[in-house]
Amino acid sequence: MAKVCKTKPAADGFDMPGEHEPHAEIWMAWPERSDNWRDGAKPAQGCFVEVARAIAEVTPVTMAVSAAQYENARGRLPENIRVVEMSTNDSWMRDIGPTYVTNGQGERRGIQWDFNAWGGLVDGLYFPWDKDDQVAGKICEILRDDSYKAGIILEGGAIHTDGDGTLFTNEECLLHPSRNANMSQDEIEQVLKDNLGVEKVLWLPEGLFNDETNGHIDNLMHVVKPGEVILSWTEDTRDPQYEISQRAFAFLSNATDAKDRTLKIHKIHIPGPLYLTEREAAGIDMSDGMEREAGQRLAGSYANFLITNGRIIMPLLDPKWDDPARQVLQAAFPEHEIVGVAAREILLGGGNIHCITQQVPAV
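Residues numbered from 1 in each chain as written. Predicted model: local features only at pLDDT ≥ 70, side-chain atom pairs only at ≥ 80, totals over all residues. Heavy atoms only, no water.

Enquirer: How should the overall build of the protein be read in this particular structure?
Expert: Looking only at helices and strands, the protein has 12 helices and 17 strands in total. In terms of C-alpha radius of gyration, the protein reaches 19 Å, essentially the compact-globule figure of 21 Å for 363 residues. Principal-axis analysis of the C-alpha atoms gives the protein an extent of 50 × 50 × 45 Å. When the 363 residues of the protein are sorted by exposure, 60% land in the buried category. Of all intrachain contacts in the protein linking residues separated by at least 6 positions in sequence, the fraction that spans at least 24 positions is 75%. Looking at the protein as shown, the accessible area adds up to about 14,200 Å², and 47% of this sits on carbon and sulfur atoms. For the protein, the distance from the average site of its 34 positive side-chain charges to the average site of its 57 negative ones is 3 Å. (Helix = DSSP H or I, 4+ residues; strand = E, 2+ residues; numbered from the N terminus. Rg over C-alpha atoms; globule rule 2.2 N^0.38 Å. Buried < 20%, exposed > 50% of the residue type's maximum accessible area, 1.4 Å probe, protein only. Contact = heavy atoms within 4.5 Å. Areas by Shrake-Rupley, 256 points an atom, 1.4 Å probe, with all protein chains shown as cover. Lys, Arg positive; Asp, Glu negative; His and termini not counted. Charge placed at Lys NZ, Arg CZ, Asp CG, Glu CD.)

Written as structure tokens, this is what we have:
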């Protein structure tokens, strides 16, 4: 039986493996919110199917689906993808699923963060978020994995680890007053060390321009392996992203990781800039929390890819920049197969391929 441990993962000898390490499976959640996904979420559902299909060729996939959408999802997804009924408020599995830690002795445990829809009543994107907040615990129950409750508001997209003692995050997100306003940076860092078994936390200043998650790290950068990262980039000095990328590059260039390595940085040019079209905006139901208006700048990023079992699933977002992005990824991951999936429909909802997936490490 799965139990909730009263201790801390690091004290129990557990730490968070890097995404480049082997996976047992990937979890996703089926999109259906009509105030986030256009045209009744049908275009987004088609995109989720293609992402799941690309992953399932190398890693088993489980799709969490509401009772109302179960029959539709089961009919649209390939037979080799497991479909389980689970209530959610939306479909960002990276942020609502458990973050896993392992102990190098064949054991894994999940971490249940507290979820408040990226800002709660301050600047959260929807209310309620109670079903999303239960997802991590439910997945640990289904997989019979013990878990921990970290007792801090945090989303999986707000952290990256190299699996070798270093955690990457940023101040804009984790220090935002809508997350853990009663905690100092030092206190938050200690919670991260206690729960993820990391030795050093690198705090970048901010996230990608106009990212409604308050700047998740996974939209700005990704970890290739210990000592090596990929960073979203632009050479356009008029783009607000230019200064953000410059500051991030300066920070990473002057940083050392937990093992005192300097970092090799691969620059990956952002798509676009991309904007929500009038036709796309017209297909989205109006709501209080999420701004979905024609002309809105989309937080497009090629850093928002998934690494899984020898394959990179990357978003295809802009014909001008898709191939250069693929070349950067192939150079960074010479042993991996790079598979692109047309992902604008995911971007319209506020994230991308990394955001809609959460890995369970192999042990």
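Enquirer: What exactly am I supposed to notice about the packing of aromatic side chains here?
Expert: Each aromatic ring pair is specified by the distance between its two centres and by the angle formed by the two planes. This model, assessed by the stated rule, comprises 7 aromatic pairs. The rings of W37, F48 and W92 are connected pair by pair, giving a single aromatic cluster. One cation-aromatic arrangement involves R33 over Y126; the distance from NZ or CZ to the ring centre is 4.4 Å. Over the face of the ring belonging to F249 we find K267, whose NZ or CZ atom lies 4.5 Å from the ring centre. (Phe/Tyr/Trp six-rings, centres within 6.5 Å; stacked < 30°, edge-to-face > 60°. Lys NZ or Arg CZ within 6 Å of the ring centre and 35° of its normal.)

Enquirer: Teacher, can you tell me more about the nonpolar core here?
Expert: Nonpolar side chains tend toward joint burial in soluble globular proteins. Ranked by size, the top nonpolar core spans 73 residues in total, and within it W27, M28, L77, L329, F333 and I346 carry the most contacts. Those residues in contact with F333, other than ones at most four positions away along the chain, are V223, V224, I230, F305, I307 and I312. Counting residues in hydrophobic clusters, the runner-up holds 22 residues, among them I111, A150, L196 and W203. (Core = buried A, V, L, I, M, F, W, Y, C linked by side-chain atoms within 4.5 Å.)

Enquirer: For this particular structure, what's the right way to read the sheet that holds strand β17 (residues 358-361)?
Expert: In a beta sheet, neighbouring strands are held together by backbone hydrogen bonds and run either parallel or antiparallel to one another. Strand order in the open sheet formed by 4 strands is β4-β3-β2-β17, with mixed pairing between adjacent strands. Of all strands in the sheet, those bounded by a partner on one side alone are β4 (82-85) and β17. The average undirected angle you get between the axes of adjacent strands in this sheet is 25°. Two strands pair when backbone bridges link them, and strand β2 (residues 23-29) and β17 are joined in this way by 4 bridges, in the antiparallel orientation. Bridge pairing in β17 links W27 to Q358. Set on the sheet, helix α1 (residues 42-56) makes contact with β2 and β3 (61-65); between it and β2 the angle comes to about 175°. (Pairing = 2+ DSSP bridges. Axes fitted to C-alpha atoms, helices over the stretch in contact; angles between N-to-C directions.)

Enquirer: Looking at this structure, I do not really get the sheet that holds strand β16 (residues 337-342). What am I missing?
Expert: Spatially, β14-β15-β16 is the arrangement adopted by the 3 strands of the open sheet, whose pairing is mixed. Both edges of this open sheet fall to β14 (306-308) and β16, since each of them pairs with a single strand only. For this sheet the average axis-to-axis angle between neighbouring strands, irrespective of direction, equals 25°. Those strands touched by α1 are β14, β15 (311-316) and β16, and its axis lies near 170° from that of β16. Across the face of the sheet, helix α11 (residues 322-332) comes into contact with β15 and β16 while running at roughly 160° to β15.

Enquirer: In this structure, what is going on with the pattern of salt bridges? I would like to understand it.
Expert: For side chains bearing opposite charge, pairing can occur when the charged atoms are close. Scanning all chains against the criterion turns up 23 salt bridges. Note that R179 and E155 form a salt bridge whose closest N and O atoms lie 2.9 Å from each other. With R179 in the loop between α6 (171-174) and α7 (185-196) and E155 in the loop between β7 (147-153) and β8 (160-161), this residue pair connects regions lying 24 residues apart in the sequence. Here R179 falls in the buried class, since its relative accessible area comes to 5%. A relative accessible area of 1% means that E155 is categorised as buried. Salt bridges sharing common partners tie together D162, D164, E199, D257, K259 and R261. (Salt bridge = Lys/Arg side-chain N within 4 Å of Asp/Glu carboxyl O.)

Enquirer: In this structure, what is going on with α7? I would like to understand it.
Expert: Because each turn of an α-helix spans 3.6 residues, side chains separated by three or four positions in sequence point in the same direction. An ideal rise of 1.5 Å per residue puts 16 Å on 12 residues; α7 measures up with 16 Å between its terminal C-alpha atoms. Those residues of α7 that fall on the buried side of the exposure criterion are I188, E189, V191, L192, N195 and L196. Along α7, the residues classed as buried sweep out an arc of 155° about the axis, all on the same side. Against the buried residues of α7 lie β5 (99-102), β6 (108-114), β7, β9 (166-170), α6 and β10 (200-204). G197 sits one or two positions beyond α7 and adopts a positive phi of about 65°. (Expected span 1.5 Å × (residues − 1). Arc of directions from axis to C-beta.)

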